[in-house]
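# Summary of structural features
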Amino acid sequence: MKIAVALAATALLLVPAAPAQAHPRLSMLGADVSTLPRALDLGAKFYDVRGHRADPYEILKKAGVNYVRLRIWNDPTSGYNNKTEVVRQAREARRHGLKVLIDLHYSDTWADPGKQFTPAAWAGHDLTQLARDVYDFTYDVCRATGPDSVQIGNEINTGMLWPRGQVTNSDFAPLASLLKAGYDATKACSRRTQVIIHTANAGSIGAAHWFYDGIAAQGVKWDITALSYYCMWHGDLTNLATVLTDVQARYGKPTVIAETAYPYTTDNYDHLENIITSAAPCDGIPASPQGQATEFTQVQDVARASGALGVFYWEPTWTAIDGNGWDTEDIENSGNAWENMATFDDTGRINPYIVWRR
């Protein structure tokens, strides 16, 4: 009861002076291509809609992409998605005229709603030191990559850098200290770089309120509210529109869908079973090239109509290349359970129906 009263009181403090400005066009047409360097190192080839071999960045750009999202881990065993590799990839993306979003996991491996492992180098640090770690790492990565935007954490539904930064009993103070450190470091690096706070709460307006009310009440600042949306887990498009519209008005900040994807097939091209195996995961839309494009177009349409800034497709280039597995501890053998969600098929050819559209 006390929690409910506290949240209700907090909500009264969060009424913005004016709702977020609606955007008639999407300006962030994004693709997360974090696994691409490994694929290229392993000899992966990519082909445009006519079947001509081409640079994957250029293929995506012709499909409408203007922004890439790059995951960074502190010290992954795989040797990929670390600072050295991300700096190189950010430079390559810019060479193709693409903007860059750096997705800071603050971990040596995957960080998501179910796990937020503290990097080994920060193990045993108290909250004060972790805030300094976040500041220093964020500032260093920002200076090295010169990003257009930065995510302070990845899908941090209940905090990051667990257990120190985990939200327990609705106490957001520890997490807030870490988010403030990330924000301050980014702005010290570049006032123009936009700070994004990202959760996987597109399916629940209540969960979104609990989280963003909680950090706002602690004085956390951010520029863009980011949500993951996968129709298989986060509900239908009507609910997505409701959540996007609500959080923009409630916090007076623009939104972006930081992750979305849909299968183009049910076929599996490696030894690891696919995460999504249904022939029609959502709304009767088939797992086909046309179905993938239909779902992605609908997500973009909802984002646009709701006034969001944009949509990022998660891992369009992560095809089933031997040796490009998901596990940072065993990238050689772990396999890929996502290849049927890529926008490039098993031969490396891009789905000719899919378009990132303003």
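Notes on the structure in this doc start here. (Residues numbered from 1 in each chain as written. Predicted model: local features only at pLDDT ≥ 70, side-chain atom pairs only at ≥ 80, totals over all residues. Heavy atoms only, no water.)

### Description of the environment of G64
- Tracing the backbone shows G64 in the loop between α3 (56-62) and β2 (67-72).
- Distance in space between the C-alpha atoms of G64 and G30 is 8.7 Å, their sequence separation being 34 residues.
- Those residues within four positions of G64 in sequence are excluded, and the remaining contacts are L29 and W356. (Helix = DSSP H or I, 4+ residues; strand = E, 2+ residues; numbered from the N terminus. Contact = heavy atoms within 4.5 Å.)

### Digging into the nonpolar core
- In terms of nonpolar packing, the biggest core is built from 87 residues, with M160, I215 and W356 touching the most fellow members.
- If sequence neighbours within four positions are ignored, M160 has contacts with Y106, Q116, V134, I152, G153, G165, Q166, L175, L178 and L179.
- Counting residues in each nonpolar core, the second largest holds 10 residues, with M28, Y67, I196 and V256 among its members. (Core = buried A, V, L, I, M, F, W, Y, C linked by side-chain atoms within 4.5 Å. Buried < 20%, exposed > 50% of the residue type's maximum accessible area, 1.4 Å probe, protein only.)

### Focus on the packing of aromatic side chains
- Evaluation of the coordinates by the stated rule reveals 21 aromatic pairs.
- When the ring of F211 is compared with that of Y212, the centres are 4.9 Å apart and the planes differ by 80 degrees; the resulting orientation is edge-to-face.
- Ring plane angle 80 degrees and centroid distance 6.1 Å describe the contact between W314 and W318, whose orientation is recorded as edge-to-face. As far as the burial class goes, W314 and W318 line up, both buried.
- Here a set of aromatic residues connected by ring pairs shows up, and it is made of W73, W110, Y230, W233, W314, W318 and W338.
- Cation over ring: R132 sits above Y135, and NZ or CZ is 5.2 Å from the ring centre.
- Of note, K253 hangs over the ring of W222, and the distance from its end group to the ring centre comes to 4.8 Å. (Phe/Tyr/Trp six-rings, centres within 6.5 Å; stacked < 30°, edge-to-face > 60°. Lys NZ or Arg CZ within 6 Å of the ring centre and 35° of its normal.)

### Some points on the pattern of salt bridges
- Summed over the entire model, instances satisfying the criterion amount to 14 salt bridges.
- Between K115 and D112 there is a salt bridge, with the nearest N and O atoms lying 2.5 Å from each other.
- Of the residues examined, D112 reaches a relative accessible area of 19% and is grouped as buried.
- For R132, the salt bridge is made with D136, and the minimal N-O distance between the two is 3.2 Å. Residue R132 and its partner D136 are both found in helix α5 (residues 127-145); the two are separated by 4 residues, about one turn of the helix.
- By relative accessible area, R132 is classed as partly exposed at 44%.
- One salt-bridge network, in which partners are shared between bridges, spans D32, R69, D103 and E259. (Salt bridge = Lys/Arg side-chain N within 4 Å of Asp/Glu carboxyl O.)

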